[in-house]
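Architecture and fold: a report
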Amino acid sequence: MSDSSSARPAVPVLDVWCELQCPDCRSALDDLRALRARYGDRLELRLRHFPLEKHKHAFAAAQAAEEAAEQGAAWPYVEAVLARVTELDGKGEALLLEVAGELGLDVEEFDTALIDGRHILIVDADQAEGKAIGVTGTPTYVIDGERLDGGKSQEGLRERVEEIVDRLLAGQDA
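Computed from a predicted structure; not experimentally measured. (Residues numbered from 1 in each chain as written. Predicted model: local features only at pLDDT ≥ 70, side-chain atom pairs only at ≥ 80, totals over all residues. Heavy atoms only, no water.)

**Comments concerning the pattern of salt bridges**
One pass over the structure, following the stated rule, counts 22 salt bridges. A salt bridge links E79 to R36; the nearest nitrogen and oxygen atoms lie 3.0 Å apart. Pair noted here: E79 is in helix α4 (residues 74–83) and R36 is in helix α2 (residues 23–39), with a separation of 43 residues, a long-range link. R36 gets classed as partly exposed once you look at its relative accessible area, which sits at 31%. (Salt bridge = Lys/Arg side-chain N within 4 Å of Asp/Glu carboxyl O. Helix = DSSP H or I, 4+ residues; strand = E, 2+ residues; numbered from the N terminus. Buried < 20%, exposed > 50% of the residue type's maximum accessible area, 1.4 Å probe, protein only.)

What follows is the structure, given as structure tokens:
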């Protein structure tokens, strides 16, 4: 039985450790959009949560992003919230619900998810894993076992990610 699809390696995964109240993560969106444009479905961008204690709405925002993922709109939601990162400081959870409504998502379900805490375990697990591998700030990228810290500077990070992805993709063709 020769099923050729099972022989094909999975696409490279870029873990993006992100925090939705983080201005650096907002500026990283351009890099993420460029990577998405360049690789399309040949690279999986995986949202990982790393809410920082200094941002009081970050934990709720991470839970809201998980709810958006469940409703099929993780990245559009993340981008929309990050675009209004300064508003999140003042509006808090009201902004998280507002953005959900603007994207046509089920706002009541968002509200319920934030109240019942159904996504807390995912956020906690991401945060624990991030700490375990040395994530200290956001954005941080991990690809092919290499950690790239964008919290200090994002200079050259996209190029480094592209080098690694290109190498991984070239290895698949070999």
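**Concerning the confidence of the model for the protein**
Predicted confidence across the protein gives a mean pLDDT of 91, with 93% of residues reaching 70 or more. In the predicted structure, residues 1–7 sits below a pLDDT of 50 and forms zero contacts with residues beyond four places in sequence or in another chain. (pLDDT = per-residue confidence, 0-100. Contact = heavy atoms within 4.5 Å.)

**Overview of the pairing of strand β2 (residues 44–49)**
Judged from the six bridges that link them, strand β1 (residues 13–18) and β2 form a sheet pairing that is parallel. Bridging across to β2, V13 finds its partner in E44. For the crossover that starts at β1, traverses α2 and ends in the parallel β2, the hand is right-handed. (Pairing = 2+ DSSP bridges. Right-handed = clockwise from strand over helix to strand, strands pointing away.)

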